[in-house]
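Residues per chain are reported as follows:
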Amino acid sequence: MTARRPRLAFLVLMVGALYCLAPVAWVVIAASKSPRELFTTFSFAPGTGLPDNLAALGTHGDGVFWRWVLNSLLYAGVGGVLSTLVSAMAGYSLAKFRFRGREALFTTILAGVLVPAVVLAVPQYLLLAKVGLAGTYWSVLLPVVINPFGIFLCRIFAAAAVPQDTLEAARLDGAGQLRIFGVIVLPMMVHGLVTVFLLTFVGIWNNFLLPFIMLSDQDKYPITLGLYTFLSQGAGDSNLYPLVITGSAVSVIPLIVLFLALQRLWRADLLAGALS
Amino acid sequence: MTPPRLLPQRRLSAVVLAIALSSAACSSGDSAGGGPVTLRFWTWSLKGPDPTARAIVEQYHREHPDVTVKLSEVGGTPDTVAKLLAADRADDTPDVVQVEYRAVPALMVAGALRDITADVAGSKDGVDASTWAMTTINDQVYGVPQDTGPMMLTYRKDLFDAYGVTVPTTWAEYARAAEQIHAKDPDAYIASFDPTQFEFFAAHAAQAGAQWWSTDGTAWTVGIDSEASLATADFWQDLVRRGLVKVEQLLTPEWNAEVASGRILSWAAAAWAPSVIYSVAPDTAGKWASAPLPQWTPGRTAVPFLGGSAYLVPAKSRHATEAAAFAAWLGASDEGSKLLLGLDIYPAGKAGQQETLTHEPPKLMPQQKDFYQVADQVVENTTIPMTWGPNVAMASSAFEDPFSAAALNGTSFRDVYRTVQKAVVADLEKSGFTVHE
Amino acid sequence: MPATPRRRRLREAGAPWLFAAPAIVFFALFLVIPIGYAIYLSFRGFRIEGGGAFGRRLEAFVGLDNYRAALTDPEFLAGFGRVLVFGLISVPSVLVLALLFALLLDTPRVRGRGFARIAIFLPYAVPGVIASLMWGFLYLPSTSPLNYVAERLHAGPLDFFSTPVLYFSLANIALWSAVGFNMIIIYTALRAIPTSVYEAARLDGAGELQIALRIKIPLVAPALVLTGLFSVIGTLQLYNEPATVRPMTSTVSHSWSPLMEIYEEAFTNDNLGGAAAGSVVLAAGILVISLLLLRFLQRRTFGGNA
């Protein structure tokens, strides 16, 4: 066993981190530029307008931006939790039971990914309009609950994290299915669930197409849609570039917070694998 | 052994269903005359958060206490059209919708608009006849104009003077000015050339006498490959081939940087151009000026409109009468069109246009006190009416891509125009329209 | 009260369906019904009724017209070609880098783990609304820092959008956006492996590299296959990267990728029927490729479970 810290690994990771951070750094630096600096100064030279931009963002239209932040939190939070739960249940079912029709079910769900969101958007809108839900919060919450990719992930994580023997033992003991799921399976799948929740949350947070089709009431817009309306509209409308850039930079912050909060759960792995 | 608890998921589904059913039942019904009415207004010019916009809406509410207008921003014309059509199919439309003029025929043909001729007949005189014609189809009125875009040339006066270039009054002079500028400074161009600006090229051809769409009421004629139109293609081909205009899209970071640093010296657009330039290059304020658009024939003054939008009432609006009344008030009444001026647009209403004459010039050219006089003159003299066909969106994308390729590769612009002509005619015929040869 | 054997067997037979039920319900509501409606639409189109220049567009049955149009459209088919070239560059690079970073993060005692993890994840968190602007700034000559450096070195203005380079520029955007997402998935799979599995190998004196190659990679094969499959599907459904770049350059047409053309038909040309037919064709192509891929890798990934 080497006593040295793996240096090469560290270097490669730092290069990767730099590559990923550079454009994000651009966003933050661009957010610090006033309109006159934005197109006249070097891309990575910090500007002087950050306080002004932040103030403009926060007070624009009586703080409508904060309304959008709350909306995004609602859509991504509630949607993320519901979706993760539904995916976990379905993934568990596919991974840990042998039943007739299992692979057919799996393939059918796979087929769901083949149809791009663009084509589903309008029919989904028409469907929800028929039940009077178009333009409501539900219209953005409900369609995101079904997430085939999340189901597949959960299948893999369930298969990897939950040993068959434990399940057999519990079943032989006469424990109810739901109890087994809630008390044994879910805690074992915690890593996977955290990952699925994180990815789903961010996906919903940055989703544009679905809210765009469903919503026309500005008060219900998530950040993505709200910032979009800051961009030039008709011929002759001036862009609110600084607001879009600053708003985007600000919108990344809750995601960072979420990531930092959740990554603690990735450390608790020593207990998870202790059953072999 | 205690029975397992119901997972929260199951109970949640039941709750969701219950709420869905009850909200469907509680959706707002129509008010058939009498009783307070809320008008849903999709617009990008009156932005909900903007105090000026809210003042306008509140003013209307004071005068019509039964009517509340709810502003919503749903994007620009292509987005609004897409959403309106979807909403129309879902029987869930707003009450007033703002779109640019070129989208009106397509919406009308889709059956999405209400004929408001009777509702707004009284307001007709508040707007210039040629502008009013932009929302009139077959003698039926489908919208009330909000603003117009009288075409003008916005240019860097200081740099023109420095290079010894006089403001061109004809397109031939424009070409010579382009030569002079580029000769003096190889990094500078009189203007950029954006092959995706379909509306601009249509307007340019119209100024030369070629309407890209025209109709006699029963059939369409497509004029993209008429000789006059092809002549305009030749004009730009020459400038592009000689490298006198820079081929790039408008309003990219590149274009913005070039405008800010004086490498792009002019923009042939409309009266709204100054505020756009100001938002990306505020430091250049005071160095610009506006002049009437160059002409094809010396001495003439005809100029088309570029851009500008109108208020339409969707066919399925549940408060159509109130909606039409509001649209008429905002776009055509003295009071409304003057209020629109506060939004930094050039109003279509006569009263608003009159008011501009005493208005401060745009922030980009505070030194040009006669800016609005020039604009007004353009409106007085000219206006070549633009007729738009029912497949403008399709034509625009059929035009952009080959024209971009031709601009980049140096191949024939005439060929592109001919190709687009064929595609547009084929599309009209495929839909079932009759097209004259 | 102990369940009778029959009751328990029934309960057990029903159990997997019970758990899959919520997913099935939502799937039916928000995928099956809309897809069914889209397929229905693919056989319909708009025709003008009531003559004259301004007759009304009405929906009508048009048979296979939309499919014929999609399959004979040279642009649509050319789009497939472009997307495949893009995929050849993009998919392997994303997967290799995601796997590499995940393995490196899982290396014991490596420094900077937390920082690298969040840094590599961050691109996925940047909203798409700003993508055009951001990449416009980074790629266009007047504002690009890379170009700034290149010009100082007299390497001339860099054109990131001209045709061969365009594929790499787009692949770079895809790589930047997707490597974190995929890395997180593979990393999670790695973290789920009990450390006892490595202990034997370590006791035998195996180095980290060997452990990675011989133990870790095979054990995360399911996650790899999954991300690989979805990357391929995502590539065939390419839309974001070319659409992001389109406002910045004239070299990307509105039909550069098949899905862009479908989007154009749906939202710009108001031709939902044509868009639906195009989607069916696209989906069929992806389905065939996916099934082949899945069949080939099925045994190695899911065969050993339950």
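No experiment lies behind these values; they were computed from the predicted model shown. (Residues numbered from 1 in each chain as written. Chains lettered and ligands numbered in written order. Predicted model: local features only at pLDDT ≥ 70, side-chain atom pairs only at ≥ 80, totals over all residues.)

Within chain B, the regular secondary structure consists of 18 helices and 14 strands. Expected size for 437 residues packed as a compact globule is a radius of gyration near 22 Å; at 24 Å, chain B falls within 12% of this value. Within the span of chain B, comprising 437 residues, buried residues form 55% of the whole. When contacts within chain B are restricted to residue pairs at least 6 apart in sequence, those whose partners lie at least 24 apart make up 74%. (Helix = DSSP H or I, 4+ residues; strand = E, 2+ residues; numbered from the N terminus. Rg over C-alpha atoms; globule rule 2.2 N^0.38 Å. Buried ≥ 20, exposed ≤ 12 C-beta atoms within 10 Å, placed from the backbone. Contact = placed C-beta atoms within 7 Å.)

A few words now on the overall build of chain C. For chain C, the helix and strand inventory stands at 13 helices and 2 strands. Compactness check: chain C gives a C-alpha radius of gyration of 25 Å against a globular reference of 19 Å for 306 residues, more than 25% above the reference. Projecting the C-alpha coordinates of chain C onto the three principal axes gives extents of approximately 85 × 80 × 30 Å. Counting every position in chain C, which comprises 306 residues, the buried fraction comes to 49%. Long-range pairs, those at least 24 residues apart, make up 67% of the contacts in chain C between residues at least 6 apart in sequence.

Here the focus is the packing of helix α3 (residues 74-105) of chain C against helix α10 (residues 221-236) of chain C. Residue and element names in this part refer to chain C. Where α3 meets α10, the closest approach of the two axes is 9 Å, and the angle between their N-to-C directions is 150°. Of the possible angle classes, the one that applies to α3 and α10 is roughly antiparallel. Relative to α10, the crossing made by α3 is right-handed. In this structure, α3 contributes Val83, Phe86, Gly87, Ser90, Val91, Val94, Leu95, Ala98 and Leu99 to the contact, and α10 contributes Leu224, Thr227, Gly228, Ser231, Val232, Thr235 and Leu236. (Axes fitted to C-alpha atoms, helices over the stretch in contact; angles between N-to-C directions. Parallel < 35°, antiparallel > 145°, perpendicular 65-115°, else oblique. Left-handed = near helix turned anticlockwise from the far one by under 90°.)

Glancing now at the sheet that holds strand β3 (residues 96-100) of chain B. Strand pairing in a sheet relies on backbone hydrogen bonds. The paired strands run either parallel or antiparallel. All names here are of chain B. Spatial strand order, β2-β1-β3-β14-β6: 5 strands in an open sheet with mixed pairing. Looking at the sheet topology across the chains shown, the edges are occupied by β2 (67-72) and β6 (143-145). Across this sheet, the average inter-strand angle for adjacent strands is 25°, counted without regard to direction. Bridge analysis of β6 against strand β14 (residues 309-312) gives 3 bridges, and the strand direction is antiparallel. For Gly143, the partnering residue across the bridge sits in β14 and is Leu312. The sheet contacts of helix α3 (residues 77-89) involve β1 (37-42) and β3, and relative to β3 the element is tilted by about 135°. (Pairing = 2+ DSSP bridges.)

Here the focus is the interface of chain A and chain B. Chain A puts 36 residues into the contact, and the matching count from chain B is 46 residues. Contributing elements (two or more residues each) for the side of chain A that touches chain B: α2 (35-38), α4 (64-96), α6 (117-130) and α10 (177-188) of chain A. A per-element tally of the side of chain A that touches chain B places α6 of chain A first, with 4 residues. When grouped by side-chain class, the residues that make up the side of chain A that touches chain B number 16 nonpolar, 15 polar and 5 charged. (Nonpolar A, V, L, I, M, F, W, Y, C, P; charged D, E, K, R; others polar.)

All names here are of chain C. Here strand β1 (residues 44-49) runs beside strand β2 (residues 56-61); their pairing, made up of 6 bridges, is antiparallel. Each residue of the ladder has a partner; that of Arg44, found in β2, is Phe61. Remark: 6 residues form the turn of the hairpin made by β1 and β2, two consecutive strands paired antiparallel; Gly50 in that turn has positive phi of roughly 65°.

On to the pairing of β1 of chain B, then. All names here are of chain B. Most of β1 is tucked away: 5 of the 6 residues are buried. As judged from the 6 bridges shared by β1 and β2, these two strands associate in the parallel manner. In the sheet register, Val37 faces β2, and the bridge partner there is Val67. Once you follow β1 into helix α2 (residues 51-63) and on to β2, the crossover reads as right-handed. (Right-handed = clockwise from strand over helix to strand, strands pointing away.)

Within the largest apolar cluster, 332 residues are counted, with the highest numbers of intra-cluster contacts made by Leu107 and Phe326 of chain B together with Ile186 of chain C. Per-element accounting of this core gives the leading share, 17 residues, to helix α7 (residues 163-191) of chain C. Mapping this core onto the domain boundaries places at least three of its residues in each of domain 1 (32-148 + 307-356) and domain 2 (151-306 + 369-431) of chain B. Discounting chain neighbours no more than four positions away, the residues touching Ile186 of chain C are Ala98, Leu99, Ala102, Val220, Ala223, Leu224 and Thr227 of chain C. (Core = buried A, V, L, I, M, F, W, Y, C linked by C-beta atoms within 7 Å. Domains from an automatic or database assignment.)

For the rest of this paragraph, the subject is the environment of Leu88 of chain C. Residues and elements named next belong to chain C. Position of Leu88 among the secondary structure elements: in helix α3. The class of Leu88 is partly exposed, set by 13 C-beta atoms lying within 10 Å. Taking the C-alpha atoms as reference, Leu88 lies 20 Å from Ala284; in sequence the two are 196 residues apart.

Right, let's get into the domain arrangement of chain B. Residue and element names in this part refer to chain B. Each domain of chain B was delimited in the assignment, giving domain 1 (32-148 + 307-356) and domain 2 (151-306 + 369-431). Placing the centre of domain 1 and that of domain 2 at their C-alpha centroids yields a distance of 28 Å. Each partner contributes residues to the interface: domain 1 has 19 residues there, and domain 2 has 20 residues. Secondary-structure elements contributing two or more residues to the side of domain 1 that touches domain 2 are α4 (104-109) and α15 (350-356). Here the element with the most residues in the side of domain 1 that touches domain 2 is α4; it accounts for 4 residues. Per-class residue counts for the side of domain 1 that touches domain 2 are 9 nonpolar, 7 polar and 3 charged.

The next thing to look at is the interface of chain A and chain C. Across the boundary between the two partners, chain A contributes 89 residues, which contact 86 residues of chain C. Here the side of chain A that touches chain C takes 13 residues from helix α1 (residues 7-31) of chain A, the largest share from any one element. Split into classes, the residues belonging to the side of chain A that touches chain C amount to 67 nonpolar, 18 polar and 4 charged.

The element helix α8 (residues 196-203) of chain C is barely covered by neighbouring structure, given that only 0 of its 8 residues are classed as buried. Remark: Gly205 of chain C follows α8 of chain C within two positions and exhibits a positive phi of approximately 90°.

On to the packing of helix α8 (residues 148-161) of chain A against α10 of chain C. Interhelical geometry of α8 of chain A versus α10 of chain C gives an angle of 165° and a closest axis separation of 10 Å. With respect to each other, α8 of chain A and α10 of chain C are oriented roughly antiparallel. The chirality of how α8 of chain A crosses α10 of chain C is right-handed. Between α8 of chain A and α10 of chain C, the residues in contact are Phe149, Phe152 and Ile156 of chain A and Pro222, Ala223, Leu226 and Phe230 of chain C, respectively. Partitioned by chemical class, the residues of the contact of α8 of chain A with α10 of chain C number 7 nonpolar, no polar and no charged.

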